[in-house]
Each structure stands twice: as structure tokens, then as C-alpha cells.
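Listed below are the residues making up each chain.
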Amino acid sequence: MPDFPEEPIYRHLARIGKALSSPVRLRLLDVLDQRERTVEELAEEAGVALKNTSAQLQQLRAAHLVTSRKEGTRVYYRLADEPVSSFLGHFQRFAHERLADLRDAIEERLGSFEAVSAGELAERLADPDTVVVDVRSAEDYAEGHVPGAVSVPLKELRDRLGEIPGDAEIIAYCGGPYCVVSPRAVELLRSHGYRARPLDGGLIGWRRSGHGVQGP
């Protein structure tokens, strides 16, 4: 018998807490928040072993945070719905406010660049002196991007610097709030004399702020 009559209620609430208690599962949720993927694509993008990715997905599905669809022989995974993304955003902001160690880890890995908020960028989209650069893969860009953004994957950025106007401020973004790609792009651009800043929260932050994306 439970020690208190409400125990079954809290036991079910704890299922969500358990699902979020793994760094690997949090990473998978962040990647799936960007777009749906097969387990193989998810494992590669997240940097997690395939077998482990598959096992962690089952736990996320059991908590109804992730769902899937089948297309031929392939199974695609995605967040269960938009409220999951919204919940993750609140969870991340709450943790950022409460945990100094988290703030230190973010600064250590993402740097201390002054980021552009989604609201500020929305106001500047029509400004010819602002160029928005999507430094994710071409495949991710094709699935949806900030309106008007140009696709220059990070691995191509150095060779394509000549395509970027030198007199504009460059706003670079990648997938999510903890993505290291856009800070690396900003560092590269600044080292070549460009004015550049990252987009706070990446494409996920843009979408969570209520802004639309261009593409499918």
C-alpha cells in the first residue's frame, strides 16, 4: 500500500520527470524539436550511438513526449505536439534561471556573444543592412528556415565568405538553444572583419517566440 493516498497521482507525474532526467533524452528532444527524423538520422545528428538512441526513444514515447509515423519501411520520429516544445522551452528557461552551473556551461561552450532576440530579428528582416545566415545543413534549411535567410552551412562558410556583404550585420543561427554551430560561425565571421551575432535560441527559439518559418 502507498504511504499516502495521493501516491498514484504523483507516481504518474514522476513519469515526465523521469523522461527528462537523462542528458541523452534531453538532447534527442532538442534535435526532434527542429524536425522529424529517422532513428538513424537522429542518432547521427545528436551524436548518440544508434542502439542507445533507439532505447531512449522508447522511453520518450512511453511518456508521450515523442510520436512516430511510418513511410514505407522507414519510421520517422517527432515531438508529440507543439505543447511539448513549449514545455521544453519553459523547462530550459527555468533551469537557466535556477542553475549557475548551467549558465557557466552554456557560456563555456557557446561563448559570451551578445545574441539577437527573435523579436529584434523580426523587426529587422526587411532591413537591407541585415543579412540572416542559416548555418545548418542544406537539408535542415530546406525543411524550414527564418524567412529570407540564406543557406551557408558552417562547413562551407569559409569558402563562401565572398558571397556575404561586408557592410551588413550578419545574424547567424543554427538549430536550437544549445547548438554550438552558430557561435562558431560568428567567431569565423568576426575573424574576417564581419559584424556578426548569433540568434538567441536558434530556429527553435524563433519558432517558440511565435514567428513563422519559410519552407515545408
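That block above? That's the structure.
Here's a quick rundown of the structure. For every chain, the first residue of the written sequence is number 1, and numbering continues from 1 along that sequence. Only residues with pLDDT of at least 70 get local features here, since the model is predicted, and only at 80 or more are side-chain atom pairs given and counted; chain-wide, interface and lining totals rely on the full set of residues. The side-chain numbers reported here are obtained from all heavy atoms of the structure, hydrogens and water having been left aside.

As for a nonpolar patch on the surface
Point 1. Without a salt bridge and with relative accessible area above 30%, a residue can belong to a patch; like charges are then joined within 9 Å and nonpolar side chains (Val, Leu, Ile, Met, Phe, Trp, Tyr) within 5 Å. Only the protein chains shown count as covering a residue, and every accessible area follows the Shrake-Rupley method with a 1.4 Å probe. A carboxyl oxygen of Asp or Glu within 4 Å of a side-chain nitrogen of Lys or Arg is what we treat as a salt bridge. Taken together, the side chains of F4, I9, Y10 and L13 make up a nonpolar region of the molecular surface, amounting to roughly 430 Å² of accessible area.
Point 2. Considering the arrangement of structural elements, one finds Y10 in helix α1 (residues 7–19). Secondary structure follows DSSP: runs of H or I at least 4 residues long count as helices, runs of E at least 2 residues long count as strands, and numbering of each begins at the N terminus.

Observations regarding the layout of surface pockets
Point 1. The calculated volume of the largest pocket comes to roughly 770 Å³.
Point 2. Method remark: on a 1 Å grid restricted to protein atoms, a set of points is classed as a cavity if a 1.4 Å probe fits but cannot get out and as a pocket if it is open with protein on both sides within 12 Å along at least five of seven lines; lining residues have an atom within 4 Å of a point. What lines the largest pocket is a set of 33 residues, and nearest its centre among them are P177, Y178, D200, G201 and G202.
Point 3. At the level of secondary structure, the elements contributing two or more residues to the lining of the largest pocket comprise α5 (82–98), α6 (100–110), α10 (181–191) and α11 (202–208).
Point 4. Examining the composition of the lining of the largest pocket, we find that six residues originate from one element, α5, more than from any other.
Point 5. Note on residue categories: nonpolar means Ala, Val, Leu, Ile, Met, Phe, Trp, Tyr, Cys or Pro, charged means Asp, Glu, Lys or Arg, and polar means any other residue, Gly included. Along the lines of polarity and charge, the residues of the lining of the largest pocket split into 14 nonpolar, 14 polar and five charged.
Point 6. Grid points are joined across faces, edges and corners, and a volume is the space filled by probe spheres set on the points. Taken as a whole, the second largest pocket spans an internal volume of roughly 520 Å³.
Point 7. Residue lining of the second largest pocket: 20 residues in total, with P23, L26, D30, L102 and Y178 positioned closest to the centre.
Point 8. Of all the elements in the fold, those that place two or more residues in the lining of the second largest pocket are α2 (23–34), α5 and α6.
Point 9. For the lining of the second largest pocket, the class distribution of residues is 15 nonpolar, two polar and three charged.

Some thoughts on the side chain of S22
Point 1. By the secondary structure assignment, S22 is in the loop between α1 and α2.
Point 2. Here a polar contact is recorded for every N or O atom pair within 3.5 Å, except that within protein the pair must consist of a potential hydrogen donor and a potential acceptor, and residues adjacent in sequence are included only if both atoms are side-chain atoms. Among the polar contacts listed, one links the side chain of S22 to the backbone nitrogen of V24, at a separation of 3.2 Å.

Examining the state of the cysteines
Point 1. Disulfides are defined as cysteine sulfur pairs within 2.5 Å. One pass over the structure, following the stated rule, counts one disulfide.
Point 2. Paired through a disulfide, C174 and C179 show a sulfur-sulfur distance of 2.4 Å. Given an S-S torsion of about -135°, the disulfide between C174 and C179 has left-handed geometry. Both residues of the pair, C174 and C179, belong to the buried class. Each residue gets one of three labels from its accessible area relative to the maximum for its type: buried under 20%, exposed over 50%, partly exposed in between, using a 1.4 Å probe on protein chains only.

Comments concerning unusual backbone geometry
Point 1. One non-glycine residue, H64, lies in positive phi territory at about 60°.
Point 2. Along the chain, the position of H64 falls in the loop between α4 (50–62) and β2 (66–71).

Quick notes on the sheet that holds strand β6 (residues 169–173)
Point 1. Spatially, four strands are ordered β5-β4-β6-β7 in an open sheet, and the strand pairing comes out parallel. Only two strands of the sheet have a single partner each, and these edge strands are β5 (150–151) and β7 (195–198).
Point 2. As paired elements, β6 and β7 share four bridges and run parallel to each other. Considered in β7, the bridge of E169 is made with R195.
Point 3. Residue contacts are defined here by distance: any two heavy atoms, one from each residue, within 4.5 Å place the two residues in contact. Only C-alpha atoms enter the line fits that serve as axes; for helices the fit covers just the stretch in contact. Angles between N-to-C directions range over 0 to 180 degrees. Sitting on the sheet, α10 touches β6 and β7, and the angle it makes with β7 is about 170°. At least two bridges found by DSSP between two strands are what make those strands a pair.

A short note on the pattern of salt bridges
Point 1. Per the stated rule, a full pass over the model turns up 16 salt bridges.
Point 2. Residue D140 pairs with R37 through a salt bridge whose shortest N-O separation is 3.4 Å. Taken as a pair, D140 in helix α8 (residues 138–143) and R37 in strand β1 (residues 37–38) lie far apart in primary sequence, 103 residues in all.
Point 3. Exposure remark for R37: the relative accessible area of 3% places this residue in the buried category.
Point 4. Here R197 makes a salt bridge to E120, at a shortest N to O gap of 3.0 Å. Here E120 lies in helix α7 (residues 118–124) and R197 lies in strand β7, a separation of 77 residues in the sequence.
Point 5. Sharing partners across several salt bridges, the network here consists of E114, E120, R124, E169 and R197.

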